[in-house]
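Chains, contacts and geometry: an overview
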Protein chains: 2
Amino acid sequence: MPGLLLGEVFPNFEADTTAGRIKLHEFLGESWGILFSHPRDYTPVCTTELGRAARMCGEFKKRNVKMIALSIDCLEDHHSWSKDILAYNCEDSASRSLPFPIIADSKRELAVALGMLDPVEKDKDGMPLTARCVFIIGPDKRLKLSLLYPATTGRNFDEILRVVDSLQLTADWRVATPADWKPGDCVMVPPSLSEEEAASRFPAGVYSKDLPSGKKYLRYTPPVG
Amino acid sequence: MPGLLLGEVFPNFEADTTAGRIKLHEFLGESWGILFSHPRDYTPVCTTELGRAARMCGEFKKRNVKMIALSIDCLEDHHSWSKDILAYNCEDSASRSLPFPIIADSKRELAVALGMLDPVEKDKDGMPLTARCVFIIGPDKRLKLSLLYPATTGRNFDEILRVVDSLQLTADWRVATPADWKPGDCVMVPPSLSEEEAASRFPAGVYSKDLPSGKKYLRYTPPVG
């Protein structure tokens, strides 16, 4: 995102949210974080997305991930629209509220600072709306991964959960996850580990593939974690 | 990505690739484009990723999408490593080459300009490697979507194909795709279309959900395209 590279500390902004005024770092505490933006309240794709996020919130909570949404709408709209989201997506919604706050970035300050705008999608005054961004933030408050989708394309929340699983596993173990990895699949052993280190660290075995180059870098081990 | 927002024209850079020197816009021509970077040749996750990309290249070609890879390695390494990728991932690899070029960004010029570096992953001289970026570029040469994954987390190529399908469908029809959409699912009718316009544009029917707000924005129509 503009101004925000992998590994950089995420800005500790203050903002008004449906759960009161917050400072991002204090809100996140020791948790992982997912900050995700949507173009506009009372629009169809956003309603399906925030509904899916609400239904999956338990999975993220189990993984110690706090979610927080953002759009350029005001708090009043966020509160009223939340009832639509719950009615459409969640059973027994009458007594419940969304399980994550929504930031009211009415002045577009965060949207501009974090490069979240989609210039193709404009409101009736010709001002650009927020795109569908996802920022995954580690417990060290650093950016670990980001997605930037346009307003027309709803996100894939299974993929967001998959990358959280990979980010957490690879933060805890000295491994990396291959293309299309899912929890329970084998993981890759990085080239920075010597054969001896790898053998002692992964007692279930380290296997390598023979390749035309003769190099022994394609090493994997059964699932860890 | 730093300096590159959704909707901006992708820089028309010149670069050396395994298919010769190219200028990006001329290489793409009238096609859609996927520019994707990897940290380093001769590393395990990258080998699984470029192998998967090679196996899926037919699917992208059917959709008029040209692929081009990038890392900070030299052409000689790209060529030799390609043999490993083919041997590991593709049957009958002896007589074939990778179905897309790889850019040799040895001086890290593109990696810096496009915000592709992963500061956590460094080479033996302490220089940061490329992250796992994906830029999807439209036939108008504008950025449509981007992903930024760290070196430890291999990408999901099914998700990349899914978003290409969504981007192309929503560019051709005035629709948007909901959360977790797959080809063949219903699509959403955007609020910018009046009831009359929507009815005439989607003869298979436009359905809306009743919501607590009483607003009629949650409209969908059977699959189009």
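Residues numbered from 1 in each chain as written. Chains lettered and ligands numbered in written order. Predicted model: local features only at pLDDT ≥ 70, side-chain atom pairs only at ≥ 80, totals over all residues. Heavy atoms only, no water.

Turning our eyes to something else, we now look at the overall build of chain A. Secondary structure summary: chain A contains six helices and twelve strands in total. Along the longest, intermediate and shortest principal axes, the C-alpha atoms of chain A span 60 × 40 × 30 Å. Looking at chain A as a whole, 59% of its 225 residues qualify as buried. For chain A, the accessible area works out to roughly 9400 Å², and carbon and sulfur atoms hold 51% of it. If the 28 positive side-chain charges of chain A are averaged to one point and the 31 negative ones to another, these points end up 3 Å apart. (Helix = DSSP H or I, 4+ residues; strand = E, 2+ residues; numbered from the N terminus. Buried < 20%, exposed > 50% of the residue type's maximum accessible area, 1.4 Å probe, protein only. Areas by Shrake-Rupley, 256 points an atom, 1.4 Å probe, with all protein chains shown as cover. Lys, Arg positive; Asp, Glu negative; His and termini not counted. Charge placed at Lys NZ, Arg CZ, Asp CG, Glu CD.)

Residue and element names in this part refer to chain A. With 16 residues, helix α5 (residues 157–172) extends 23 Å from end C-alpha to end C-alpha; this agrees with the ideal 22 Å at 1.5 Å per step. Counting buried positions over the 16 residues of α5 gives 13, a clear majority of the element. Sitting at the head of α5, asparagine 156 places a side-chain oxygen 3.0 Å from the backbone nitrogen of aspartate 158. (Expected span 1.5 Å × (residues − 1). Polar contact = N/O pair within 3.5 Å; in protein donor to acceptor, adjacent residues only side chain to side chain.)

Superposing chain A onto chain B requires a rotation of 180 degrees together with a translation of 0.0 Å along the rotation axis, leaving an RMSD of 0.0 Å. As the rotation angle and translation indicate, the two copies are arranged about a two-fold axis. Comparing interface residues between copies, 100% of those in chain A also sit at the interface in chain B, which points to an isologous, same-surface contact. (Least-squares fit on C-alpha atoms with pLDDT ≥ 70 in both. Contact = heavy atoms within 4.5 Å.)

Often, the extent of an interface is quoted as the loss of accessible area on bringing the components together. With 60 residues of chain A at the interface, the matching set in chain B holds 60 residues. When the two sides are added together, the surface that chain A and chain B hide from each other amounts to roughly 4800 Å², 65% of it contributed by carbon and sulfur. Ranking the residues of chain A by area buried against chain B places Leu6(A), Pro44(A) and Tyr217(A) at the top, with a combined share of 13%. Inspection of the chain A/chain B interface yields two salt bridges. Between Arg52(A) and Asp180(B) there is a salt bridge; the shortest N-O distance is 2.4 Å. (Buried area = accessible area lost by both parts, 1.4 Å probe. Salt bridge = Lys/Arg side-chain N within 4 Å of Asp/Glu carboxyl O.)

Attention now moves to the sheet that holds strand β12 (residues 219–221) of chain B. Here we have three strands laid out as an open sheet, ordered β10-β12-β11 (chain B), and antiparallel in their pairing. Only two strands of the sheet have a single partner each, and these edge strands are β10 (187–188) and β11 (207–208) of chain B. (Pairing = 2+ DSSP bridges.)

Another point: the sheet that holds strand β12 (residues 219–221) of chain A. In a beta sheet, neighbouring strands pair by backbone hydrogen bonds and run either parallel or antiparallel. Residue and element names in this part refer to chain A. Pairing is antiparallel in the open sheet, where three strands are placed in the order β10-β12-β11. On the outer flanks of this sheet lie β10 (187–188) and β11 (207–208), each paired with one strand and no other. Inspection of the sheet shows β10 paired to β12 by two bridges, in the antiparallel sense. From the neighbouring strand, methionine 188 faces β12, where its bridge partner is tyrosine 220.

Here chain A is described as being made up of domain 1 (14–155) and domain 2 (173–225). The C-alpha centroid of domain 2 of chain A is placed 36 Å from the C-alpha centroid of domain 1 of chain A. (Domains from an automatic or database assignment.)

On to the pattern of salt bridges, then. All chains considered together, the criterion is met by 28 salt bridges over all chains. The partner of Asp140(A) in a salt bridge is Lys144(A), with the nearest N and O atoms 3.0 Å apart. On the accessibility criterion, Asp140(A) (39% relative accessible area) is partly exposed. We note a salt bridge from Arg40(B) to Asp73(B), for which the minimum N-O separation is 2.7 Å. With Arg40(B) in the loop between β3 (32–37) and α2 (44–62) and Asp73(B) in the loop between β4 (65–71) and α3 (75–89), the pair connects residues that are 33 residues apart, well separated along the chain. Taking the relative accessible area as the measure of exposure, Arg40(B) reaches 25% and is therefore partly exposed. Here the salt bridges do not stand alone but share partners, grouping Glu59(A), Lys62(A), Arg63(A) and Asp165(A) into one network.

With 76 residues, the main nonpolar core has Phe100(A), Ile136(A), Phe100(B) and Ile136(B) as its most contacted residues. What Phe100(B) contacts, discounting residues up to four positions off in sequence, is Thr18(B), Phe36(B), Leu50(B), Ala53(B), Ala54(B), Cys57(B), Met67(B) and Ala69(B). One finds Leu6(A), Leu28(A), Leu70(B) and Met116(B) within the second-largest nonpolar core, a separate group that totals 52 residues. (Core = buried A, V, L, I, M, F, W, Y, C linked by side-chain atoms within 4.5 Å.)

Bringing the packing of helix α2 (residues 44–62) of chain A against α5(A) into the picture now. Residues and elements named next belong to chain A. It is at 10 Å that the axes of α2 and α5 come closest, and there the two elements cross at 30 degrees. By the angle class used here, α2 and α5 are roughly parallel. For α2 against α5, the interelement crossing comes out right-handed. Across from Glu49, Arg52, Ala53, Met56, Glu59 and Phe60 in α2, the residues of α5 making contact are Phe157, Asp158, Ile160, Leu161 and Val164. (Axes fitted to C-alpha atoms, helices over the stretch in contact; angles between N-to-C directions. Parallel < 35°, antiparallel > 145°, perpendicular 65-115°, else oblique. Left-handed = near helix turned anticlockwise from the far one by under 90°.)

Attention now goes to the packing of aromatic side chains. Residue and element names in this part refer to chain A. Scanning the model with the defined rule gives ten aromatic pairs over all chains in all. Seen from their ring centres, phenylalanine 36 and phenylalanine 157 are 6.4 Å apart, and the 80 degrees between their planes marks the pair as edge-to-face. Of the two residues, phenylalanine 36 sits in strand β3 (residues 32–37) while phenylalanine 157 sits in helix α5, which places them 121 residues apart along the sequence. In this structure, phenylalanine 36 and phenylalanine 157 share a single accessibility class: buried. Taken together, the aromatic side chains of Phe36, Phe100 and Phe157 make up a single cluster linked through ring pairs. (Phe/Tyr/Trp six-rings, centres within 6.5 Å; stacked < 30°, edge-to-face > 60°.)

This part covers the pairing of strand β8 (residues 132–137) of chain A. Residue and element names in this part refer to chain A. Counting buried residues along β8, six of its six residues qualify, which places the element largely inside the surrounding structure. Burial along β8 is two-sided: Arg132, Val134 and Ile136 facing one way and Cys133, Phe135 and Ile137 facing the other are all buried. Across four bridges, the pairing between β3 and β8 is antiparallel. By the bridge assignment for β8, isoleucine 34 is matched with isoleucine 136. Looking at chain direction, β8 and strand β9 (residues 143–149) are connected through six bridges and run antiparallel. Note that in β9 the partner of cysteine 133 across the bridge is leucine 148. Between the antiparallel neighbours β8 and β9 lie five residues, among them lysine 141 with a positive phi of about 70 degrees.

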